[in-house]
Amino acid sequence: MKKVSRLMFSALAFLTIGSTMAVSIGAVSADEVADTKASMTNLSAENSALLAKLSAAQDKVASIDSQVSNKTVAIDDAQKNIASTDKEITEVAQKIVKVQAEVQSRKAVLKEQVIALQKRAGDSVSGNVYVDFIVNSDSFSDMVSRASVVGKLNQANKEAMDAVANSESKLATLKQEQVTKKANLVNTKAQLEKDQAQLTSLKADAENEQASFQQEVDGHKTQLASLQSQLDAQTAAAVEAAKKETEKATIAPTVAPKTGSDNTPAPTPAKTTTVAPSGANTGSLVGNALQFIGTPYAWGGAQPGGFDCSGLVWYAAKMAGISLPRTSQEQSTVGTKVSLSELQPGDLVFWGGVGSAHHVGIYIGGGSYVHAPTEGQNVITMSMQYYKPDFGRRL
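Source: prediction; values computed, not measured.

Q: Please give an account of the sheet that holds strand β3 (residues 336-338) that cites residues and values.
A: To summarise the sheet geometry, strands pair through backbone hydrogen bonds and adopt either a parallel or an antiparallel arrangement. If you trace the 6 strands from one edge of the open sheet to the other, you get β3-β8-β4-β5-β6-β7, paired in antiparallel fashion. Looking at strand neighbours, the two that pair on one side only are β3 and β7 (380-383), the edges of this open sheet. Strand after strand, the sheet turns through a mean of 40° between neighbouring axes, direction not considered. With 4 bridges joining them, strand β4 (residues 348-351) and strand β5 (residues 359-365) adopt antiparallel strand pairing. Paired with V349 across the two strands is G361, which belongs to β5. On top of the sheet, helix α5 (residues 309-319) reaches β4, β5 and β6 (368-371); it is set at about 50° to β5, its chief contact.

Shown next as structure tokens:
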């Protein structure tokens, strides 16, 4: 009975102390803590809105980057086609010169034939070498023979001259076609370069907007950190005040622990298990991309000296023996679409839509991906928490 009374007295003393502490904390810091928390809530809401704008600005920059890279690839292709056309024009011109030489050679042969016939014909009768050659024959059979020779010569010369003339005409037409093709390619390249310059200007504006949002976000982070420090200080002050009040109000004796069957053992603290992050290098595609961490961004780049987003994916896939299209738009149509919650290392992640994606990276596991961000930056890994893709594709 005494044991039960002692336990009840201890319980009542504990309740008294707890009530005193609660009253003390409320008296010391309730208004201040409430104001600080309200300020943090409002600031957090503003920060969330800014983060949404920042994400949209990042999307805009990435989209323009993708367009600029595609223009760079198109300009390079146009330049290669121009060079190829120049080569074809040169080759056709050389063939035309050769055909013209053949024409001159054929005319020289005809001239020699006429001279030879004149010598064999003797005195001119009609003024026509071929007729004189036939008329001045020694006999009828000789006349028939000479007529046959003249006919064959005429036919052979006509066919030869026609063939040469046709060849020259075709070559001249081909050359003109190539010249026209080159002119069109030059115009196309000029338009691509103009488009690229406009996109570069738009990209600069978008980056300025992004930087402005980022500055505001950073400012909010600083304010939130300051408010958090203020809240921590207020809470600590309130706890300290409550502690002092409790010490003054404590009247219950300290009950020493007893050994015996009625003592309840203290609970054993739960063990915490640390889960190691999954390895990033879980596939050749991931491993290939990760070895280029730090490589600078380059518009239209698809080699170790510099990559754009799709160029990095294309090159890493090529190293793994995987054939992929060159641009992010085309890459976004390859394989099977997967949701972000089902991503596996080696899956491709995209921003935009299927067939119109403006950015691409490679998922490496643990909620992160590797990508070539934008001009002025290097190949890096990034958490989806900071720049979240729209969908994934599994090759």
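Q: Let's hear about the packing of aromatic side chains: which residues, and what values?
A: By the definition in use, this model includes 6 aromatic pairs. Both rings, one in W351 and one in Y369, keep their centres 5.2 Å apart while their planes meet at 70°; by these two values the pair is edge-to-face. Note that W351 is positioned in strand β4 and Y369 in strand β6, a separation of 18 residues in sequence. What makes W351 buried here is its relative accessible area of 0%. Linked through ring pairs, F292, F307 and Y315 together constitute an aromatic cluster. Sitting above the plane of the F391 ring, K337 keeps its charged end 5.0 Å from the centroid.

Q: Describe α5, naming the residues involved and giving the relevant values.
A: Judged by how many residues are buried, α5 sits mostly within the fold: 8 of 11 residues are covered. Following α5 by one or two positions, G321 adopts a phi angle in the positive range, close to 80°.

Q: Pulling in residues and values, what's your account of the nonpolar core?
A: Formed by 23 residues in total, the largest nonpolar core has its most connected members in F307, L348 and I362. When residues of this core are traced back to their parent elements, those giving at least two are α4 (284-290), α5, β4 and β5. In contact with L348, other than residues within four places in its own chain, are L285, V313, L324, V360, G361, I362, F391, G392, R393 and L395. Counting 9 residues, the second largest nonpolar core, distinct from the first, contains V338, L343, V349 and Y363.

Q: Residue-level account of the environment of K98, with values.
A: Among the secondary structure elements, K98 is positioned in helix α1 (residues 2-121). K98 sits in the exposed class, given a relative accessible area of 56%. Sequence-wise, K98 and E168 are 70 residues apart; in three dimensions their C-alpha atoms are separated by 9.3 Å.

Q: An account of the pairing of β6 is needed here, citing residue identities and associated values.
A: Of the two faces of β6, the one holding S368 and V370 and the one holding Y369 and H371 are both buried throughout. As defined by bridge partners, β5 adjoins β6 across 3 bridges and the pair is classed as antiparallel. Its bridge partner being in β6, I362 is matched across the sheet by V370. Linking β5 to β6, which pair antiparallel, is a turn of 2 residues; within it G366 sits at a positive phi near 65°. Here β6 runs beside β7; their pairing, made up of 4 bridges, is antiparallel. Bridged to S368 within β7 is S383.

Q: An account of the side chain of T295 is requested, with residue identities and associated values reported.
A: Here T295 is to be found in the loop between α4 and β1 (302-303). Judged by relative accessible area, T295 falls into the buried class, the value being 10%. Within the structure, the side chain of T295 is placed 2.8 Å from the backbone oxygen of F292, a separation counted as a polar contact. Each residue touching T295, except ones within four places of it in the same chain, is listed here: P304, G305, G306, F307, Q377, N378 and V379.

Q: Please set out the pattern of salt bridges residue by residue, giving values where relevant.
A: Taken as a whole and assessed by the stated rule, the structure comprises 2 salt bridges. For D347, the salt bridge identified is with R394, shortest N-O distance 2.8 Å. With a gap of 47 residues between them, D347 in the loop between β3 and β4 and R394 in strand β8 (residues 391-394) connect regions that are remote in the sequence. Residue class for D347 comes out buried when judged on its relative accessible area of 3%. Under the relative-accessibility criterion, R394 is labelled partly exposed at 25%.

The rules behind each value
- Residues numbered from 1 in each chain as written.
- Predicted model: local features only at pLDDT ≥ 70, side-chain atom pairs only at ≥ 80, totals over all residues.
- Heavy atoms only, no water.
- Pairing = 2+ DSSP bridges.
- Helix = DSSP H or I, 4+ residues; strand = E, 2+ residues; numbered from the N terminus.
- Axes fitted to C-alpha atoms, helices over the stretch in contact; angles between N-to-C directions.
- Contact = heavy atoms within 4.5 Å.
- Phe/Tyr/Trp six-rings, centres within 6.5 Å; stacked < 30°, edge-to-face > 60°.
- Buried < 20%, exposed > 50% of the residue type's maximum accessible area, 1.4 Å probe, protein only.
- Lys NZ or Arg CZ within 6 Å of the ring centre and 35° of its normal.
- Core = buried A, V, L, I, M, F, W, Y, C linked by side-chain atoms within 4.5 Å.
- Polar contact = N/O pair within 3.5 Å; in protein donor to acceptor, adjacent residues only side chain to side chain.
- Salt bridge = Lys/Arg side-chain N within 4 Å of Asp/Glu carboxyl O.

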